Amino acid sequence: VQLQESGPGLVKPSETLSLTCSVSGGSISNYYWSWIRQPPGKGLEWIGGVSYSGIINYNPSLESRVTMSVDTSKNQISLKLTSVTPADTAVYYCARHRLVTSWSHFEYWGQGTLVTASS
Amino acid sequence: DIQMTQSPSSLSASVGDTVTITCRASQDISDYLAWFQQKPGKAPESLIYAASSLQSGVPSKFSGSRSGTDFTLTISSLQPEDFATYYCQQYNSYPLTFGGGTKVEIK
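Residues numbered from 1 in each chain as written. Chains lettered and ligands numbered in written order. Predicted model: local features only at pLDDT ≥ 70, side-chain atom pairs only at ≥ 80, totals over all residues. Heavy atoms only, no water.

Student: Teacher, can you tell me more about the interface of chain A and chain B here?
Tutor: It is common to give the size of an interface as the accessible area lost on bringing the parts into contact. Listed per partner, the contact involves 23 residues of chain A and 19 residues of chain B. Taken over both partners, the interface formed by chain A and chain B buries close to 1800 Å², and the fraction arising from carbon and sulfur atoms is 66%. Our count for the contact surface shared by chain A and chain B stands at zero salt bridges. Taken together, the connections running from chain A to chain B amount to nine residue pairs in polar contact (both at pLDDT 80 or more). Broken down by secondary-structure element, the contributors of at least two residues to the side of chain A that touches chain B are strand 4 (32-38), strand 5 (45-51), strand 9 (90-97) and strand 10 (106-109) of chain A. (Contact = heavy atoms within 4.5 Å. Buried area = accessible area lost by both parts, 1.4 Å probe. Salt bridge = Lys/Arg side-chain N within 4 Å of Asp/Glu carboxyl O. Polar contact = N/O pair within 3.5 Å; in protein donor to acceptor, adjacent residues only side chain to side chain. Helix = DSSP H or I, 4+ residues; strand = E, 2+ residues; numbered from the N terminus.)

Shown next as structure tokens:
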């Protein structure tokens with residue numbers, strides 16, 4: 001299975017960051033999917049996750065600004081983060097969990113995409 | 001939130017050495033603990049899940065163990081390709097959280 005993140009690499013402060021994770025080599029059904037980010041030179045932060053059936057969980061630290069969804073017909077998972085600030089500058093990864101629930105580890109990762117929040 | 005405290009934050013080792021990295025959870029997470037390896041400019045890769053289960057395709061030089069809320073990643077016979085940053089991560093409760101990372105450098 002391969003995961004590929006895509007979307008604008010530059011977002012202006014106060015605007016919305018929108019990313020898509022395209023899955024190939026396998027179906028998004030029967031798995032749980034997460035978004036994780038990593039600011040330059042820093043550690044990893046879980047943003048939230050979604051199951052193929054639409055069950056969603058967000059990190060409370062970002063919950064008021066995050067929306068995730070899944071499109072089974074396109075085999076894609078999407079992420080929207082509103083009202084971005086420079087603190088949202090990071091490499092954004094999508095990842096597939098080992099099982100259909102979030103109580104399983106991140107088994108596969110996309111290569112990541114750098115999003116810079118700057119005017 | 002469950003805090004994952006990794007130690008050390010960095011270490012220097014020689015080729016052929018065996019190194020141990022520790023991760024302590026702030027509360028009981030059972031065996032819901034994974035280890036990842038990340039090389040510069042690359043995505044993390046899964047090494048260990050369920051505290052001690054080896055991810056398919058990962059060499060057996062990597063091993064994990066648990067004692068209560070303390071978890072250990074051991075890497076035996078270090079090779080040049082093993083020099084990287086290692087992260088632990090709990091998936092027992094929301095939000096899912098990571099340790100701060102351990103950078104393994106060449107001595």
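Student: Please explain the pairing of strand 9 of chain A as it appears in this structure.
Tutor: Look at any regular strand and the pattern is simple: side chains alternate between the two faces of the sheet. Residue and element names in this part refer to chain A. Burial of strand 9 is extensive: seven of the eight residues sit out of reach of the surface. Across six bridges, strand 4 lies against strand 9 in antiparallel orientation. Paired with Trp35 across the bridge in strand 9 is Cys94. Note that strand 9 and strand 10 share three bridges and pair antiparallel. Along strand 10, the bridge assignment pairs Ala95 with Trp109. (Buried < 20%, exposed > 50% of the residue type's maximum accessible area, 1.4 Å probe, protein only. Pairing = 2+ DSSP bridges.)

Student: Would you explain the sheet that holds strand 8 (residues 70-75) of chain B in this entry?
Tutor: The pairing of strands in a sheet happens through backbone hydrogen bonds and is either parallel or antiparallel. Residues and elements named next belong to chain B. As summarised here, the arrangement of the four strands in space is 1-3-8-7, forming an open sheet in which the pairing is antiparallel. Bordering the open sheet on either side are strand 1 (4-7) and strand 7 (62-67), each of which pairs with just one other strand. Averaged over all pairs of adjacent strands, the angle between their axes in this sheet comes to 20°, without regard to strand direction. As paired elements, strand 7 and strand 8 share six bridges and run antiparallel to each other. (Axes fitted to C-alpha atoms, helices over the stretch in contact; angles between N-to-C directions.)

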